[in-house]
Structures are given as structure tokens and as C-alpha cells.
Amino acid sequence: MHRIWAMIERDMRRFRRSPVLVIVSILMPLVQLVVLGYAFGGKIKNLHVGVVDQDHGVPAIKIREMCQAIAANAKTFDTISYSDEASALADLRNGKINGVLSIPPEFSRKVLAGASPQIALAEDNTDQFSASALADSLNGLLVSYNGPAVQPRTTASVDLSVVEIYPYVPYIQFLLPGTITLSIFVSAMIGGGIIFIDDKARGLHEGYLVTPIRKIELILGFTLAGAIKAIIAGAVLITVGSVIAGIPDPLNPLRMAKMLVLVVATSMALISMMFLIMVRVSDPLVPRAIFGMLNTVLYFPSGAVYPPQSFPNWMKAIAFVDPFTYAVDGFKELVLKNTGLMAINVDLAFLLGFTVLTIGLATLLFRRTL
Amino acid sequence: MQAIEVENLTKRFGDFTAVDGISFSVAPGEVFGLLGPNGAGKSTLIRMLTTLVPPTSGTAYVNGFDIVRQANDVRQSIGVIPQAMTSDLDLSAQENMSIFAKLYGIPRERRLKTIAQLLKDVDLEKWADKPVKMFSGGMRRRLEIARGLVHEPKLFFLDEPTTGLDPVSRVGVWDMLSRLKTERQLTILVTTHYMDEADKLCDRIAIVDHGKLVALDSPLKLKASIPGKNVLEVSFSGAPKDWMQKLKSLDDVADVKAVDNIYRISSHNGPRTTVALMEAARSAGAAINSLSVQSTSLDDVFVHYTGHQLRDTLQAPSAADSPFVSHRGM
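The rules behind these values
Here the residue numbering is sequential within each chain, running from 1 through the sequence in written order. Whichever chain is written first becomes A and whichever ligand is written first becomes 1, with later ones labelled in order. Reporting in this predicted model follows two pLDDT cut-offs: at least 70 for local features of residues, and 80 or more for side-chain atom pairs to be given and counted; totals over whole chains, interfaces and linings ignore these cut-offs and use all residues. Counting from the N terminus, the helices are DSSP H or I runs at least four residues long and the strands are E runs at least two residues long. Every radius of gyration here is taken over C-alpha atoms, with the globule rule written as 2.2 Å times N^0.38, N being the number of residues. We call two residues in contact when the distance between their C-beta atoms, placed using the backbone, is within 7 Å. Backbone-placed C-beta atoms define the burial measure: a residue is buried with 20 or more other C-beta atoms within 10 Å of its own, exposed with 12 or fewer, and partly exposed in between. Strands qualify as paired when DSSP identifies two bridges or more between them. Think of each axis as a best-fit line through the C-alpha atoms, taken over the contacting stretch in the case of a helix, with angles from 0 to 180 degrees between the N-to-C directions. Residues are grouped as follows: Ala, Val, Leu, Ile, Met, Phe, Trp, Tyr, Cys and Pro are nonpolar; Asp, Glu, Lys and Arg are charged; every other residue, Gly included, is polar. Domain borders in the structure are assigned automatically or taken from a domain database. Crossings are assigned a handedness: left-handed for a near helix turned anticlockwise from the far helix by less than a right angle, right-handed for a clockwise turn. Each helix should span, by expectation, one fewer than its residue count multiplied by 1.5 Å. As used here, the arc belongs to the directions running from the helix axis to the C-beta atoms. To define a nonpolar core, we join buried Ala, Val, Leu, Ile, Met, Phe, Trp, Tyr and Cys residues through C-beta atoms within 7 Å and take the resulting set.

**Overview of the overall build of chain A**
Move 1: For chain A, the helix and strand inventory stands at 14 helices and four strands.
Move 2: Here the C-alpha radius of gyration of chain A, 29 Å, is well above what a compact globule of 370 residues would show, namely 21 Å.
Move 3: Taken over the C-alpha atoms alone, chain A extends approximately 95 × 45 × 35 Å along its principal axes.
Move 4: Of the contacts made within chain A by residues no fewer than 6 positions apart, 80% connect residues no fewer than 24 positions apart.

Given below as C-alpha cells:
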């Protein structure tokens, strides 16, 4: 037991001398949180739509007025008038405008005759996000255009009334659970991967192997020391991250305590996984080479940035065994819904089981000789 | 009981035999030197004895403990300085010592006292609180020697303790070792490339080549065991044609080799051969341009037993050679 403490003490003293590891593992995820949070979270605004009115009748003018109302209020797009369709389409192709709304000749006549009038939207669909925002906005416009001037007293059409049970969650808050997990991962990757293998390559481990330390003491010493550093990174992220992302009542002590439990479970799971991956590695290039790949394979399928319901089956399979998935899910419950630990018991159980399994395998593979 | 007893120890890596049936024993209090060219199997041998590498076959007892079945007792009873510099560079000298004292399970009161005494013994007490990354190669080696003695073992293994050190540091390290050996009645097994060190400091020397033991004796006896006790290097001008034959027939000459007009004469009795050589040169009318008489050195012994061939063999790449490992000094 005292030997495990000696190994942990060694790591903590080193860490106190150069806390670069924890600073890096805190900073990188925070930068990602802020940049990704603002890059993806916002509503799309100020698209440019060219309007070609070849009709000039009253219904056409009504459409154009409604467009201007959107330009003035929601600001999803503004309108530029073109006299002919060809020059509008040319500007669309050149990227000057994002879409062309074309009101064909005879539009007013067809409206008045009730002969299924149409207006056309040509849009730049290389940018799906802008294109769908534009189509949504114009569809909304047409729904209100088509609405009867006077509502009938009874109606048979069904409306969906949506009840939101939590306050509106901006994207940056949706990202925070993934960011906390990521900071624990980066700490495990640098501490349990890169530094661990560098020490091995320098011969430091050889020095320990000639002492009477037991195999299990070495393994527990390495993993617990790594877990403590990962926990420090995670603990900083749950507080600083909550403040930055604007979680309501960000430092609620009860929620922090519950999150810390999950931080500990996640740290143990990720550092054990790293130890298993690195147990037979001696080339210092390996942890550096797999860093990015591991990050991608674990982070993105976990549902940290996009709901996993949209994933193809092979990615759902990765998500199923990925400890990130359970950590992210647990943090989502705690951060966004402020639930109790009972709500995340499946997540905690998985992370615990994952830790036991990976440490067990690593112990089998660990060699106490060179 | 012998401090070390090695019986027919063998280590194979795939189809390469690194150590091939070596047997020897080391008596308590002895300084035992292991010599051999690069790749001869010295490090593998020392790693087997210090339980870092399991043997393929054969047995060895260290302090009476079987190196395979009682590996942990072996580890507790020996001090080891591996070839690589294994101190933690970010920690201070004191901290490095303290961690290892804890790994050896030394109780707290004894720990602080022992560490202070050892740091004093290796002249590092002034730098006890400085991080090891600021230490020179010689200081790091001395710290490792102190660290290896933190649990006061009686048997000490050192794998090339002076390789890569400058001459002054080398002398410093050996002075330190000699003093510690006397003070603490240590038994030492050491590998080195430096013949002069081995000659001066070792009681007995084993020469290992191609994984086999090719010679084992005291430095004096090893030097006496090879032909010629002295070597005369001499050059002449105006030497007659049959001069080579003449030189070979001089008193006590064992062998003569010539390169251009420089002759290398191995002799069983340097002074007598020298006198005879002077006589012969005068009567033949040859002028002696230069003459030096040397005793056989351990270098000659080494070359005699291991041959002149260069050992250009490939070795497994070491992880420490990776460009990603930062090398902070030696």
C-alpha cells in the first residue's frame, strides 16, 4: 500500500513542478467549447435573396411586402430586386446572393383564378444550413400568406402544440457535457499516454522494476496518479465551463457534488482505458500518433456534438461501447436537467464496469520485466 | 554462501542467443568486473541477475535467492544502477531518494537519516533540493549510486556506471564507489568499457564474448595468461635483410610483428630482451630510431580474447532513440 502512495506522490510532486499537463487539458477543451458553441449555436441571419417579380400584380406585391417584413424583423434574409431572372441566377452562381425568389408572369391571374399558383426558389444548396434556413423562412411566409383572412369559427385541421419542459438550451450548453469529458480525456491521453511512454523510453520504469514493488502496486500507482490529474482537470471544467456556458445557477453545490462523482467515474474509466492501450507500447511516437484518431473515434460518436439518433448503425455500435457516451449522457442529465444520481445510475454503472474490465485486462497484459 | 552463483545461465531472444550457458560465482566483498564488446551479452546477463529479464534456462542465486522463484527477495536485497539514467528529472535529489526509500519500505525515521547520510557520501548534500534536470552527468550518476544504496544492500549491480562521463567525473564516480565499498563492505558486480578502470578496481574480471565466458581471473593473472609480458615497440634505420629472423631469436622473445619498419616485439622479460636488442642492433650496424617498452595492459588481454573484428551487428531500435523523447543532457 505504501508503495502505491509512493508512486502517486512521485507523480503529484512532478505535477506541482510543471502543471502544464492540467493547464493544457483544461485550456484545449475550453477553447473548443467557446469556439464550437458560438460557431454552430447561432440563428442564421442576413442571407441575401434576389427577388425577380415578373408579374407586378397585387398578390406579387403582397409577397414582396412580406419578404421585407422578414428582412426588417427576423433578419433571416434581406431582398434585392432584379428585373430579369438571368442576371439574378448569375449572381446566385457567383455567390453574391444565397437564393433567387422568382414570381412568374401570370402569377396574379392564377391566384385570382384559383389555378394553383406557384413561386419558385432557386437556392445555393452547397450550404445546407443556409439553404434550409431560407426554405423554412419562406415556407413560413407562405403559410401565413395562405391563411384565410378571417379564421372560421371551427376548424378541423390539427395543430401540434409543443410543451418544452426545460428552459431553452443554447448549443454551447448542449456542448458542455462533451467538453468536460474531453478535458478528462486529454488529461488521460497526455498523462497516461504520452508522459507514461516517455518515462518508459527514458528508462525510468526500469528503475522501479528493480525495486520490490509488486505488479499490482505499480499498476494502481500509475492509474490512480493519472486519475487524480484527470479529476483535477474535470473539476475545473465543471465549474469554469458551467459559468462560461451560462448554465443557470452555475455553481449550485449539490449539482457540483453530483457532477464530481461522475468526474471521478469518468476519470477512472478513461485512464484505465489508456493504460490498457499503452500497456505493451514502448515507442513514444505511438501515443502521439493515435491521439487525434482516438479523440475523433471517442468524442464524436458519443452524442457530444450531435444527437446519436441520427447515426448509422456502425457508429451507434461504437457509441454503445464508448465510455464517452455514458459520461456525456450523465453530464447532460446533471448539467441541463439537474437530475439526481439515480437518473444516471446506468451511466455510472457502465463507467465502473468499464474501469474494472480494462484494468483487469491491463493487469493480465502488464509485464513486470523488460 | 557466495554472493552470486550463476549456473549455466542462458537467454535466447528468438533464434539469437544473447547469453549462452554462463557459469561463475562471486564471493562476498569482491569487486567483480564484467567486460566484453558491445552486444556481447553483458547487459542481458546483469538484467537477468537483477530480475529484469527472465532467463531461458539455467539458474542463478543472488544472496542465496533464486532469481526466478524468489525474485522479490532478490530485489529487496540488491542495489541496482541500470545503464540508462533513471532519475526523475523533474524531482529534486532528495525527492528521488525519498520515493525509492518508500518503494523499498524504509520506515520514516530511518529514511530521512539514511538519505541525508548517503547524499553526503556522494557529495551532493549541497544540491539536495535542486531538480535533477539541472545536474551534470557525473552528479546524476552519483545520485543514482546513492539511490541504489538507500535500502543499504550488501550487493550492488552497476551497468556501465561511467559510460558517457568526462574523465574527471569518471574518477569521481570510482573514488566514490571504492570508498563506499570499504565503508559498507559491499560486493560489487560492474560492467564497463574502460579497461584501466577494471584493471585498477576489480578483484576479478570475466570477459564475455558472443554470450560466452571466454576468460575469468584476477587482472594480474589475466595479463600473465597471454603470450608476452612486455611489448617493445622499436623502429630502425639500416636494418639488414634477415632482421626479422634475428629479432625472433633474441632472448625471451615470444612473437614479432612488423609494420613497415616498426617492429612490435612480445617478450616474456622486457629488460633482458631490451639489452639483447641493443647488442644485436650494434653488431648489425642498425641504428635505433625509437624504442618503447610497455607492460601488457588489459586492453591486450581484451583484444587477445575477443579478437580485432569490429562488431557491426544490428540491434533492436531503442525507444529512447525516438525523436519524441527529449534528451536533456546525459
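**Some details on the overall build of chain B**
Move 1: From N to C terminus, chain B includes 11 helices and 14 strands.
Move 2: Counting only C-alpha atoms, chain B reaches 80 × 45 × 45 Å along its principal axes.
Move 3: The proportion of buried residues among the 330 residues of chain B is 41%.
Move 4: Considering only residue pairs separated by 6 or more positions, chain B has 69% of its internal contacts joining residues 24 or more positions apart.

**Observations concerning the sheet that holds strand S4 (residues 120-123) of chain A**
Residues and elements named next belong to chain A.
Move 1: Taking strand neighbours across the sheet as the criterion, the four strands line up as S2-S1-S3-S4 in an open arrangement whose pairing is mixed. Looking at the sheet topology across the chains shown, the edges are occupied by strand S2 (77-82) and S4. With direction set aside, neighbouring strand axes in the sheet form an average angle of 25°.
Move 2: Across four bridges, strand S3 (residues 99-103) lies against S4 in antiparallel orientation. What sits directly across from glycine 99, in S4, is glutamate 123.
Move 3: Along the sheet face, helix H3 (residues 58-72) touches strand S1 (47-53), S2 and S3 and points at about 140° away from the line of S2.
Move 4: On the sheet, helix H6 (residues 128-146) packs against S1, S2, S3 and S4 and is oriented at approximately 165° with respect to S4.

**A look at the interface of chain A and chain B**
Move 1: In this complex, chain A contributes 30 residues to the contact, which on the side of chain B involves 28 residues.
Move 2: Elements that contribute at least two residues to the side of chain A that touches chain B include exactly helix H1 (2-17), helix H7 (171-202), helix H8 (204-209) and helix H11 (285-299) of chain A.
Move 3: The element best represented in the side of chain A that touches chain B is H1 of chain A, accounting for eight residues.
Move 4: Here the residues of the side of chain A that touches chain B sort into 11 nonpolar, seven polar and 12 charged.

**Re the domain arrangement of chain A**
Move 1: Each assigned domain of chain A is listed here: domain 1 (44-143) and domain 2 (168-365).
Move 2: Summarising the inter-unit geometry, the C-alpha centres of domain 1 of chain A and domain 2 of chain A are found 49 Å apart.

**A short note on the pairing of strand S11 (residues 230-237) of chain B**
Move 1: Sheet topology note: the S11 of chain B/strand S13 (residues 262-267) of chain B ladder contains six bridges and is antiparallel. Within the sheet, the bridge partner assigned to valine 234 of chain B lies in S13 of chain B and is tyrosine 263 of chain B.

**Topic: the packing of H7 of chain A against helix H10 (residues 253-278) of chain A**
Residue and element names in this part refer to chain A.
Move 1: At a minimum axis distance of 9 Å, the contact between H7 and H10 shows a crossing angle of 35°. You can see that H7 and H10 cross each other, and the crossing is right-handed. Two secondary-structure elements touch here, H7 through Thr181, Ile184, Phe185, Ala188, Met189, Gly192, Gly193, Phe196 and Ile197 and H10 through Val263, Thr266, Ser267, Leu270, Ile271, Met274, Phe275 and Met278.
Move 2: Grouping the amino acids of the contact of H7 with H10 by side-chain chemistry returns 12 nonpolar, five polar and no charged.

**Topic: the sheet that holds strand S10 (residues 212-217) of chain B**
Residues and elements named next belong to chain B.
Move 1: Within the open sheet, the six strands sit side by side as S6-S7-S8-S3-S9-S10. Their pairing is mixed. Where the open sheet ends on each side, the last strands, each with one partner, are strand S6 (78-81) and S10. Each neighbouring strand pair of the sheet contributes to a mean axis angle of 15°, computed without reference to strand direction.
Move 2: Bridge count between strand S9 (residues 204-209) and S10: five bridges; the pairing is antiparallel. Counterpart to isoleucine 207 in the pairing with S10 is alanine 215.
Move 3: Helix-sheet contacts for helix H5 (residues 137-148) involve S6 and strand S7 (155-159), and the interaxial angle to S6 is about 160°.

**Quick look at the environment of methionine 176 of chain B**
Residues and elements named next belong to chain B.
Move 1: Among the structural elements, methionine 176 can be located in helix H6 (residues 167-184).
Move 2: Taking the number of C-beta atoms within 10 Å as the measure of exposure, methionine 176 has 19 and is therefore partly exposed.
Move 3: In this structure, the C-alpha to C-alpha distance between methionine 176 and isoleucine 145, residues 31 residues apart in sequence, is 8.9 Å.

**Describing unusual backbone geometry**
Move 1: One non-glycine residue, glutamate 106 of chain A, lies in positive phi territory at about 75°.
Move 2: Position of glutamate 106 of chain A relative to the elements: it lies in the loop between S3 and helix H5 (107-113).
Move 3: Notably, glutamate 152 of chain B is not glycine yet its phi reads approximately 50°, a positive angle.
Move 4: Note on placement: glutamate 152 of chain B falls in the loop between H5 and S7.

**Focus on H1 of chain A**
Move 1: Given a rise of 1.5 Å per residue, 16 residues ought to cover 22 Å, and the 22 Å separating the end C-alpha atoms of H1 of chain A matches this to within 8%.
Move 2: For H1 of chain A, the complete set of buried residues consists of Arg3, Ile4, Ala6, Met7, Arg10, Asp11 and Arg14 of chain A. In an axial view of H1 of chain A, the angular spread of the buried residues amounts to 165°, which keeps them on one side of the axis. Pointing more than 90 degrees away from the buried face of H1 of chain A are the exposed residues His2 and Arg16 of chain A.
Move 3: Tucked inside the fold, the buried residues of H1 of chain A contact helix H9 (215-245) of chain A together with helix H3 (93-103) of chain B.

**Topic: the domain arrangement of chain B**
Move 1: Examined at the domain level, chain B breaks down into domain 1 (4-223) and domain 2 (227-295).
Move 2: Of note, the centres of domain 1 of chain B and domain 2 of chain B, computed from C-alpha atoms alone, are 44 Å apart.

**Topic: the nonpolar core**
For soluble globular proteins, the rule of thumb is that nonpolar side chains tend to be buried together.
Move 1: Formed by 140 residues in total, the largest nonpolar core has its most connected members in Leu270 of chain A together with Leu49, Met97, Ala146, Val150, Phe157 and Ile188 of chain B.
Move 2: No other element matches H7 of chain A, which puts 15 residues into this core.
Move 3: Setting aside chain neighbours within four positions, we find isoleucine 188 of chain B in contact with Val31, Phe32, Phe156, Leu158, Leu177 and Lys181 of chain B.
Move 4: With 17 residues, the next largest nonpolar core counts Leu47, Val49, Val52 and Ala88 of chain A among its residues.

**Thoughts on the environment of aspartate 91 of chain A**
Residue and element names in this part refer to chain A.
Move 1: Checked against the element boundaries, aspartate 91 lands in helix H4 (residues 85-93).
Move 2: According to the C-beta neighbour criterion, aspartate 91 is partly exposed, with 16 such atoms within 10 Å.
Move 3: Aspartate 91 sits 41 residues away from glycine 50 along the chain, and the two C-alpha atoms are 8.6 Å apart.
Move 4: With residues near it in sequence (within four places) discarded, aspartate 91 still touches Gly50, Lys96 and Ile97.

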